[in-house]
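Understanding the architecture of this molecule
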Amino acid sequence: MSNSKIKSTRARRVWDSRGRPTVEVEITLRYGATGRAIAPAGASVGTGEALDLRDGGKAFGGFGVETAIDAVNGEIAGLLKGRVATDQAAIDKALIALDGTANKSRLGGNALIATSLACAHAGAASERLPLWRYLATSAGIEEPKYLPLPEVQIFGGGVHAGGRVDIQDFMVIATGAASFAQALEWTADVYRAAGQLMADDGKLQGVADEGGFWPAFERNEEALETLVRAIEAAGLEPGRDMAISLDLAASEFGGKGKYKLIRDGRELNSDDWSGQLVDWIERYPIVSVEDPLAEGDKEGMVRFTWAVGKKVQVVGDDFLVTGAERIRAAARDGACNAVLIKPNQAGTLTETKAALDAATKAGFGAIVSARSGETEDTSIVHLGVGWGITQLKVGSITRGERTAKWNEGLRIAEAISEDDDKDGPLPPVSAFPWAR
Ligand code: PGA
Ligand code: ZN
């Protein structure tokens, strides 16, 4: 293992898909292997997340990351020098202790996740393994068998589109696809069809933060109607080949028992808002609903899960913030039946894995996810394959920071497929909460 000892750790400022600075960490091992990773950044951020440390002030609109970079180049580099990169758990534990805060606010969640992931990349390089295989081996999984099923944005809204519609993500899931590659093919067909429909209706206005079409709709429901039309226009059967998935990101327009739908000109209490969602679930082929209620509305989340959790996937993102303890509590309370796994919400790879393990133990589904502020970093795809996570969410099927992930999935698909099938097998249907 001496060849996986860390020689140097350095951070640099790079750019994300919103034109904001972010942290890249590069770790070099004694005998030359290197690993590199970049921290992503959210816009609809849960209050329980590891803190994305920004400098404030005038430079970079307050989004500077010099403090986080200095932390990596100083304290963190000192801490890691001479440590064994393949001992991820010990490294993450030391990083957490060095930071010393509950929300990683001293050194920065961005500094920590980039370091933790760079360490995994360096460890994989030292063993001459692709990251997905290295992660699988480290987790005691002999041979990853499938690619995660893609969940792909067609319209972006909420804080990713200036509040143009209240709902943040209108997505599709190719529930009938036979492979990872086919899921992407069908999704691209739907994306193009949706663009054509919007152009025909005079509503094409560019794209939102994650590459989905800018939602020039009069009502939230108009987006659902257009999505069904787009699936049909692509020659697919809604609900069989291709289903709808929503991320409401409800904390952005709701809280304290009130949900304010600006686009629909309505203010609803928790029960009535839930009722509205149940109505949509009955009338549209929706299989997954993320953050349906605000993160503080636990009772609402429990009631909603009780009402529809047998039929659809109820995903906690801001509500669970990739936290093992929160997942266990939600399972006890009967809130949610699936979790979004975002490494930068947890802050280290080890904590991310602990959240996934808690989800698996609770019988929850899991979706490994990118953020709205992204880069060319593809680590999450490797986590998905290596750890056997059954679903993957990275935004739309356009924009380089998104296609970087889908295309990495296609490359890995070739490596894990049988010789006669290079398309990437998908998890068994029984792996998905909506099919149980
Ligand atoms: P975020 O959006 O990265 O802005 O939090 C993604 C999501 O809510 O899933
Ligand atoms: Zn979300």
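Reading the values: rules and limits
- Residues numbered from 1 in each chain as written.
- Chains lettered and ligands numbered in written order.
- Predicted model: local features only at pLDDT ≥ 70, side-chain atom pairs only at ≥ 80, totals over all residues.
- Heavy atoms only, no water.
- Domains from an automatic or database assignment.
- Contact = heavy atoms within 4.5 Å.
- Buried area = accessible area lost by both parts, 1.4 Å probe.
- Salt bridge = Lys/Arg side-chain N within 4 Å of Asp/Glu carboxyl O.
- Polar contact = N/O pair within 3.5 Å; in protein donor to acceptor, adjacent residues only side chain to side chain.
- Helix = DSSP H or I, 4+ residues; strand = E, 2+ residues; numbered from the N terminus.
- Nonpolar A, V, L, I, M, F, W, Y, C, P; charged D, E, K, R; others polar.
- Donors = N, O, S within 2.8 Å, 3.2 Å for Na, K, Ca; no water.
- Buried < 20%, exposed > 50% of the residue type's maximum accessible area, 1.4 Å probe, protein only.
- Pairing = 2+ DSSP bridges.
- Axes fitted to C-alpha atoms, helices over the stretch in contact; angles between N-to-C directions.
- Core = buried A, V, L, I, M, F, W, Y, C linked by side-chain atoms within 4.5 Å.
- Phe/Tyr/Trp six-rings, centres within 6.5 Å; stacked < 30°, edge-to-face > 60°.
- Lys NZ or Arg CZ within 6 Å of the ring centre and 35° of its normal.

This part covers the domain arrangement of the protein. By a frequent convention, interface size equals the accessible area lost on bringing the separate parts together. Each assigned domain of the protein is listed here: domain 1 (2–128) and domain 2 (149–431). Computed over C-alpha atoms, the centres of domain 1 and domain 2 are 27 Å apart. In this complex, domain 1 contributes 31 residues to the contact, which on the side of domain 2 involves 31 residues. Across the domain 1/domain 2 interface, buried area totals approximately 2,400 Å², and carbon plus sulfur atoms make up 51% of it. One can count 3 salt bridges joining domain 1 with domain 2. For the salt bridge of Glu 351 with Lys 104, the shortest nitrogen-to-oxygen distance reads 2.9 Å. Here domain 1 is connected to domain 2 by 20 residue pairs in polar contact (both at pLDDT 80 or more). Put simply, the parts of the chain that give the side of domain 1 that touches domain 2 at least two residues each are strand S3 (34–38), helix H2 (88–99) and helix H3 (109–126). Examining the composition of the side of domain 1 that touches domain 2, we find that 7 residues originate from one element, H3, more than from any other. Classifying every residue of the side of domain 1 that touches domain 2 by side-chain character gives 14 nonpolar, 11 polar and 6 charged.

The subject of this paragraph is the coordination of the zinc ion (ligand 2). Around the zinc ion (ligand 2), the protein supplies Asp 247 (OD), Glu 290 (OE) and Asp 317 (OD) as donor atoms, at distances of 2.1 to 2.2 Å. Read N to C, the donor residues that coordinate the zinc ion (ligand 2) are spaced as D-x42-E-x26-D. Placement of the pair is Glu 290 in strand S10 (residues 286–290) and Asp 317 in the loop between strand S11 (313–316) and helix H9 (324–333), with a sequence separation of 27 residues. There is no split in this pair, since Glu 290 and Asp 317 are both buried.

Ordered in space as S4-S5-S6-S10-S11-S12-S13-S14, the 8 strands form a closed barrel in which the pairing is mixed. Strand after strand, the sheet turns through a mean of 30 degrees between neighbouring axes, direction not considered. Bridge analysis of strand S12 (residues 338–341) against strand S13 (residues 365–369) gives 4 bridges, and the strand direction is parallel. Pairing of Leu 340 across the sheet is with Ile 367, part of S13.

Here we take up the nonpolar core. By size, the foremost hydrophobic cluster in this structure holds 125 residues, and its most contacted members are Ile 27, Phe 155, Phe 170, Trp 273 and Ile 286. The leading source of residues in this core is helix H5 (residues 180–200), at 11 residues. Both domain 1 (2–128) and domain 2 (149–431) contribute no fewer than three residues apiece to this core.

A few words now on the packing of aromatic side chains. Aromatic ring pairs: the centre-centre distance and the angle between the two ring planes describe each pair. Evaluation of the coordinates by the stated rule reveals 9 aromatic pairs. A ring pair is formed by Tyr 191 and Phe 213, whose centres lie 4.2 Å apart and whose planes are at 20 degrees; its orientation type is stacked. In this pair, Tyr 191 is assigned in helix H5 and Phe 213 in the loop between H5 and helix H6 (220–233), connecting sequence segments 22 residues apart. The burial state of Tyr 191 is the same as that of Phe 213; both residues are buried. Taken together, the aromatic side chains of Phe 253, Tyr 259, Trp 273 and Trp 280 make up a single cluster linked through ring pairs. Here the guanidinium or amino end of Arg 20 rests over the ring plane of Phe 63, the centre of that ring lying 3.8 Å away. Between Lys 353 and the ring centre of Trp 387, over which it is positioned, the NZ or CZ distance is 5.9 Å.

Within the structure shown, the criterion is met by 30 salt bridges. Notably, a salt bridge pairs Asp 271 with Arg 303, separated by 3.0 Å at the nearest N-O pair. One end of the pair, Asp 271, is in helix H7 (residues 270–283); the other, Arg 303, is in helix H8 (residues 298–308), and 32 residues separate them in sequence. Look at Arg 303 and you get partly exposed, because its relative accessible area is 41%. Note that Arg 328 and Glu 325 form a salt bridge whose closest N and O atoms lie 3.2 Å from each other. Taken together, the residues Arg 328 and Glu 325, both in helix H9 and 3 residues apart, mark about one turn of the helix. One salt-bridge network, in which partners are shared between bridges, spans Arg 12, Glu 24, Glu 26 and Arg 36.

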